[in-house]
Amino acid sequence: MARTYAYALTGALIATFTISPVLASLLLPKHVKETETLFVRAIRRVYTPVLRWALERRRTTVGLGVGFLLLAALLLTRVGTEFLPALEEGNLWIRASMPPTISLEAGQDKVNELRRILLTHPEVVTVVSQHGRPDDGSDASGFYNVELFVPLKAQDDWPSGHTKEKLVADLQHEFENALPGVEFNFSQYIQDNIEEGLSGVKGANSVKIVGPELPELERLADQVMHQMQQVRGIQDLGVFHVLGQPNLNITIDRAKAARYGLNTGDINAVVQAAAGGTSASTVLEGDRQFDLVVRLAPKYRRSIEDIGNIQVGYNLPNGGTGYVPLRDVAKISLDTGASYIYHERNERFVPVKFSVRGRDLGGTVADAQQRISEHVPLPPGYHLVWAGEFNDLQQAKQRLAVVLPIAMGLILALLFALFNSFRDSLLTLAAIPFSIAGGIISLYFSGLDFSISAAIGFVSLFGVSVMNGILVITYFNHLLFTGLSPVEAMAQAAEQRMRPMLMTALSACIGLLPAALSTGIGSQVQRPLATVVVGGMLIGPVMLLVVAPALQVLVVEWSHKRRKRRHAGGTP
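None of these values were measured; they are calculated from a predicted model.

**A look at the overall build of the chain**
Next, step 1: When you go through the chain residue by residue, the secondary structure sums to 18 helices and 15 strands.
Next, step 2: Computed over its C-alpha atoms, the radius of gyration of the chain comes to 36 Å, more than 25% above the 25 Å expected for a compact globule of 572 residues.
Next, step 3: Referenced to the eigenvectors of the C-alpha coordinate spread, the extents of the chain come out at roughly 125 × 65 × 50 Å.
Next, step 4: Buried residues in the chain amount to 39% of all 572 residues.
Next, step 5: The long-range share in the chain, meaning contacts at least 24 apart out of those at least 6 apart in sequence, stands at 74%.
Next, step 6: When the accessible surface of the chain is totalled, it reaches about 31,600 Å², and 59% of it is carbon and sulfur.

Below, the structure is given as C-alpha cells:
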C-alpha cells in the first residue's frame, strides 16, 4: 500500500509539471472568470464569521484547540493495538491436538466426530481432514495432530443473525463437549501458514518458556497457562507438552555380558534386528530398489517380558553357539521421556499457544505479561519470548519509532528550504496534530484498532496536512509584506485558501469513503487506512481553518514583540 501510494504521488507530481500546463493552455478559454458555486458560497457564509470570532479571541480559540488534542490523546489510550487486521478468507482452518500417545486407529473415531459436528452447521460447504503428518512428510506431526480445512458459504447465504465469531464460539463449545481434553485452535488457511512460519509454533501467538531442563520448562509452562486463562480475550490456550512419551529403555550390564564374551555392540545389534528390524536383502522393481527388512513377529515383542525373552547368541568354549535371554545381560524398563524437543538458537523451549478474540492484541498481551511477571517467578537461566503476531507488532513499532522522526525531519527540511524560516516551517507543521487527532477519533468511533495499516494512513495525513499549511502560510506572508496587520492578513489568507483546502480534503474523503465503509472479503486490511484518512481529512482541515490561524497570529505577534524589545534594548 505504501509503495502504491508513493508511486501515485510521484506520477501526480510529474503530471503537474508536464501534462497539466499543456492541457490548461489548450482547454481553458482566453478570458477566465472566477465564479463561486452555491456550495462554496454557503460554506463561506458560515466560515467567515467563525474565522473572525476565532481571530478576535485567539487565546480562547487556541485553548479550545489544545482541549481537542487532549481529547484525542485520551481516546488514543482507549484504542487497541494489533499488527494487522485479520484478513477474512471465507474459510476455517481448525487444528485439534489429541494426547501425544494416541494411535492412528484410536484417533480416527475422533476425526469422524469432528467432521460430523462441522457438517451439521449450514454455513459449512464441506470438510477436508488430515490426520497425522502430510503424505510428503514435510511436517513432523504425530497421529495426535488433526487439521481440518472448512470452506464456508458466502455470507449472504448464512442464516440471519449468524456471524463467523458466533460460528467459532459454537464450534468450540460443541467440540469441547464431544471431545473433552482435546485442544483446538481456530484460524484460516493462509493466516495459519503465515503465523506458523513466523513463530515456528502451530498457533496464532505463543509465549516460549526458554531454559535448559525439560521438567522445569513443563512446570513453568503450566503456571504460565494458568495465569493466561484468567486474562480476558485469550482463546485456544494450550501447552505443547514434550514429556510423556513411553520409552523402552534397555541398559546393558557390561559385567554380566562379559561373562558370556559379549560386548555392547553385539547385544545392540540383536535388539535392533529383533525389535526395530534390519536389512537382509534388496528388492528390485524395475529401476527402483528397496531394502528388505526383517524382524521378530509382533507376538514376540509385545511386552517387556517378550523383549526380555529375546535370545542373544554367544560363542561357547567348545566352538558351538549358546543363547542367553536378553534380561540376563541387560536391565529392561519402561519409562517416560520427551516425545518432541523444541529448539531455537541452540536453546530448549516449551511453547504455550493462544489466540486473541473479542479484544485487541496489544492490550491482551500486556495484561498477560503483567500477570505472569507477578505470579510466575522464573529461575536463573530461564526467560520468556513472545512470538507470533505480537512479536511482529513490537518490531513494527520499533521501525515506526525510527522512520517517523526521519520523515518529520525531511518534511521540516523541505519547509525550511521553502520559507527560509524555522518559525514558518513549524507553523506549517501545526496542521499535523489536528489531522492526527481526527484520525484517532475516527478509529475510536468506528471500533477499529491501531495497526500498521492505520499507521500508513497517519503517515499519508502528514503530506496533505503540510500542503494545506503551505497554502495558508505562503499567502499570509505575501499579505504581510503588503503592509496588512497580522490579524487582517490571516483573515484574508484563510478566506482565500478555504476553498482549495476543503476541496483537497473532500476529494481524499470521497475517494476513500467506499474503502472505509466496505465489509467484503479483503476489506479488513484497507479499512483502517481509509478510516484514518477520511477522519483526518474531515476534521483536520476544519480545525486548521479555525484554530491554526489564531495560533499562527499569536506566534507572529509574539515574534514581532520580541523583536521590538530586542531592538529597544539595543538602542542607546
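**Section: the pattern of salt bridges**
Next, step 1: For the structure on display, the rule yields 11 salt bridges.
Next, step 2: Beyond isolated ion pairs, a larger network of salt bridges with shared partners links Arg52, Glu488 and Glu495.

**Quick word on the nonpolar core**
Next, step 1: Of all hydrophobic cores here, the largest spans 32 residues; its most connected members are Tyr47 and Phe476.
Next, step 2: When contributions to this core are tallied by element, the ones reaching two or more residues are α3 (38-56), α13 (389-419), α14 (422-429), α15 (431-446), α16 (452-481), α17 (486-517) and α18 (523-570).
Next, step 3: The element that contributes the greatest number of residues to this core is α17, accounting for eight residues.
Next, step 4: Setting aside residues no more than four positions away along its own chain, Phe476 makes contact with Pro486, Ala489, Met490, Ala493 and Val556.
Next, step 5: Counting 30 residues, the second largest nonpolar core, distinct from the first, contains Val210, Leu220, Val224 and Val350.

**Description of the pairing of strand β10 (residues 311-315)**
Next, step 1: In β10, alternate side chains face the same way, and those of Val312 and Tyr314 are buried while those of Gln311, Gly313 and Asn315 on the opposite face are not.
Next, step 2: Once β10 ends, the chain turns through five residues before running back antiparallel as strand β11 (residues 321-325), passing Gly319 with a positive phi of about 95°.

**Some remarks on unusual backbone geometry**
Next, step 1: In this structure, Asp236 is a non-glycine residue whose phi angle is positive, near 55°.
Next, step 2: Tracing the chain through its elements places Asp236 in strand β6 (residues 234-239).
Next, step 3: A positive phi is found at Asn420, a non-glycine position, where the angle reads about 55°.
Next, step 4: As for its position among the elements, Asn420 is in the loop between α13 and α14.
Next, step 5: Overall, the relative accessible area of 61% leaves Asn420 in the exposed class.

**Here's the deal with the sheet that holds strand β1 (residues 91-97)**
Next, step 1: Pairing is antiparallel in the open sheet, where four strands are placed in the order β2-β3-β1-β4. Of all the strands in the sheet, just β2 (128-131) and β4 (183-187) have a single pairing partner and so form its edges. Ignoring strand direction, the axes of neighbouring strands in this sheet form an average angle of 15°.
Next, step 2: Taken together, the four bridges between β2 and strand β3 (residues 145-151) define a ladder with antiparallel strand orientation. Pairing of Ser129 across the sheet is with Leu148, part of β3.
Next, step 3: On top of the sheet, helix α5 (residues 104-119) reaches β1, β2, β3 and β4; it is set at about 160° to β2, its chief contact.

Rules used throughout
- Residues numbered from 1 in each chain as written.
- Predicted model: local features only at pLDDT ≥ 70, side-chain atom pairs only at ≥ 80, totals over all residues.
- Heavy atoms only, no water.
- Helix = DSSP H or I, 4+ residues; strand = E, 2+ residues; numbered from the N terminus.
- Rg over C-alpha atoms; globule rule 2.2 N^0.38 Å.
- Buried < 20%, exposed > 50% of the residue type's maximum accessible area, 1.4 Å probe, protein only.
- Contact = heavy atoms within 4.5 Å.
- Areas by Shrake-Rupley, 256 points an atom, 1.4 Å probe, with all protein chains shown as cover.
- Salt bridge = Lys/Arg side-chain N within 4 Å of Asp/Glu carboxyl O.
- Core = buried A, V, L, I, M, F, W, Y, C linked by side-chain atoms within 4.5 Å.
- Pairing = 2+ DSSP bridges.
- Axes fitted to C-alpha atoms, helices over the stretch in contact; angles between N-to-C directions.

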